[in-house]
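Reading the structure
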Amino acid sequence: MTIQFSQLAAKVAEDGVVTPSELADLRQLGWGDGKIYREEAEAIFAINNTLKSRDSEWVDFFVEAISEFVLNGSEPRGMCDDDEAKWLIGQLDHDGKLDSMAELEVLVRIVEKARNVPEMLKHYALRQVEQAVLTGTGPTRCGGDLSACHISAAECRIVRRLVFASGGHGPAAVSRHDAEFLFRLKDETLQEENAPQWDDLFVDGVANYLKGFALTNAQLDHARVKELEAFIADNKPRVGRLVGAMARELPQVHNHFGKVFGKKPEGANYAEAAAAGNLVDDNEQAWLEKMIDADGEVDDLERALLARIIEEG
């Protein structure tokens, strides 16, 4: 962190106000060498914690800067490892709760944009939204009506982004943890006037878990990504080994390799996995029955979910 950035950050944090010119200076100094460092990211968090108000320009800068540090501050780029996730949660949770939409937005953006994030980070994000919905307080309320157990349109958008995030359990793949989160929200808000988007979100999310499928290696960890990237960077002519390694790690591109190199793909693993995923197996059926029986009745949203499953065969 440069001395100028440090001095400017201290000044802004002291008076709790960031002017347009100061924001422009922070952006210029922060990206002076094209990279955000941890000291700069922590200084930006310190500013955010002291601001009396946060306009859209500040939120854009805050989200962009913190996302850049977490996702691209170390190799491999576009990923968030355990240490980075713990650091981010520590910064966001410094006083035991998220204080602003800016903090929630940076959390959602990282999960949404990352190639992979640790489960602890996605689960933490979902807990923040659940707390806001069930208690009527939290960053998603943004100073509006604090009626507990009501799901707003803004919360629907945030939940949809999280449960279908590319950095979650697989691009657009909803996990059992996500599905149970949706059931909890549904049970707690069943008698409330939720946003119109909520019904479709619940059915889409749970049906995706039951009828979709996720490749076990859809999300590579940091170590494996580094290994593959080092292999790609190796200038020795070992194309055959590279293609084989990538096909094993990412079977969904197997057909693409076959077309490029003129070879017929062996088997139909991806198609078979998709077909199998489209069936609700015994374990999933038992789970669904348990979730529906939890309150002793079948409500309208559960009927809509069952109708979707039957309709899609």
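Our structure's up above, just so we're on the same page.
Anyway, here's the lowdown on the structure attached to this text. Predicted model only: the values in this text are computed from it and were never measured. (Residues numbered from 1 in each chain as written. Predicted model: local features only at pLDDT ≥ 70, side-chain atom pairs only at ≥ 80, totals over all residues. Heavy atoms only, no water.)

A look at the packing of helix 10 (residues 197-211) against helix 16 (residues 300-311)
Orientation of helix 10 relative to helix 16, taken along the N-to-C sense of each, is 45°, at an axis distance of 9 Å. Classified by the interaxial angle, the pair formed by helix 10 and helix 16 is oblique. As for how helix 10 packs across helix 16, the hand of that crossing is right-handed. Along its contact with helix 10, which presents Trp-198, Asp-199, Phe-202, Val-203, Asp-204, Val-206, Ala-207, Leu-210 and Lys-211, the element helix 16 presents Leu-301, Ala-304, Leu-305, Arg-308 and Ile-309. Here the residues of the contact of helix 10 with helix 16 sort into ten nonpolar, no polar and four charged. (Axes fitted to C-alpha atoms, helices over the stretch in contact; angles between N-to-C directions. Helix = DSSP H or I, 4+ residues; strand = E, 2+ residues; numbered from the N terminus. Parallel < 35°, antiparallel > 145°, perpendicular 65-115°, else oblique. Left-handed = near helix turned anticlockwise from the far one by under 90°. Contact = heavy atoms within 4.5 Å. Nonpolar A, V, L, I, M, F, W, Y, C, P; charged D, E, K, R; others polar.)

Observations concerning the packing of aromatic side chains
All told, the structure shown has ten aromatic pairs when counted by the stated rule. Residues Phe-45 and Trp-87 carry aromatic rings whose centres are separated by 5.8 Å and whose planes lie at 75° to one another, so their mutual orientation is edge-to-face. Residue Phe-45 is found in helix 3 (residues 38-50), and its partner Trp-87 is found in helix 5 (residues 82-92); the two are separated by 42 residues along the sequence. The two residues Phe-45 and Trp-87 agree in class, both being buried. Between the aromatic rings of Trp-198 and Phe-202, the centroid separation amounts to 6.1 Å while the plane-to-plane angle is 45°, which identifies the pairing as tilted. Of this pair, Trp-198 and Phe-202 both sit in helix 10, four residues apart, roughly one helical turn. (Phe/Tyr/Trp six-rings, centres within 6.5 Å; stacked < 30°, edge-to-face > 60°. Buried < 20%, exposed > 50% of the residue type's maximum accessible area, 1.4 Å probe, protein only.)

Some remarks on helix 15 (residues 282-293)
Between its first and last C-alpha, helix 15 extends 16 Å over twelve residues, near the 16 Å set by a 1.5 Å rise per residue. Those residues of helix 15 that sit buried are Glu-284, Trp-287, Leu-288, Met-291 and Ile-292. End-on, the buried residues of helix 15 take up no more than an arc of 130°, which puts them together on one face. Seen from the open side of helix 15, the exposed residues pointing more than 90 degrees away from its buried face are Asp-282, Asn-283, Lys-290 and Asp-293. Of the surrounding elements, those touching the buried residues of helix 15 are helix 9 (176-188), helix 10 and helix 16. With a side-chain oxygen positioned 3.1 Å from the backbone nitrogen of Asn-283, the residue opening helix 15 is Asp-281. (Expected span 1.5 Å × (residues − 1). Arc of directions from axis to C-beta. Polar contact = N/O pair within 3.5 Å; in protein donor to acceptor, adjacent residues only side chain to side chain.)

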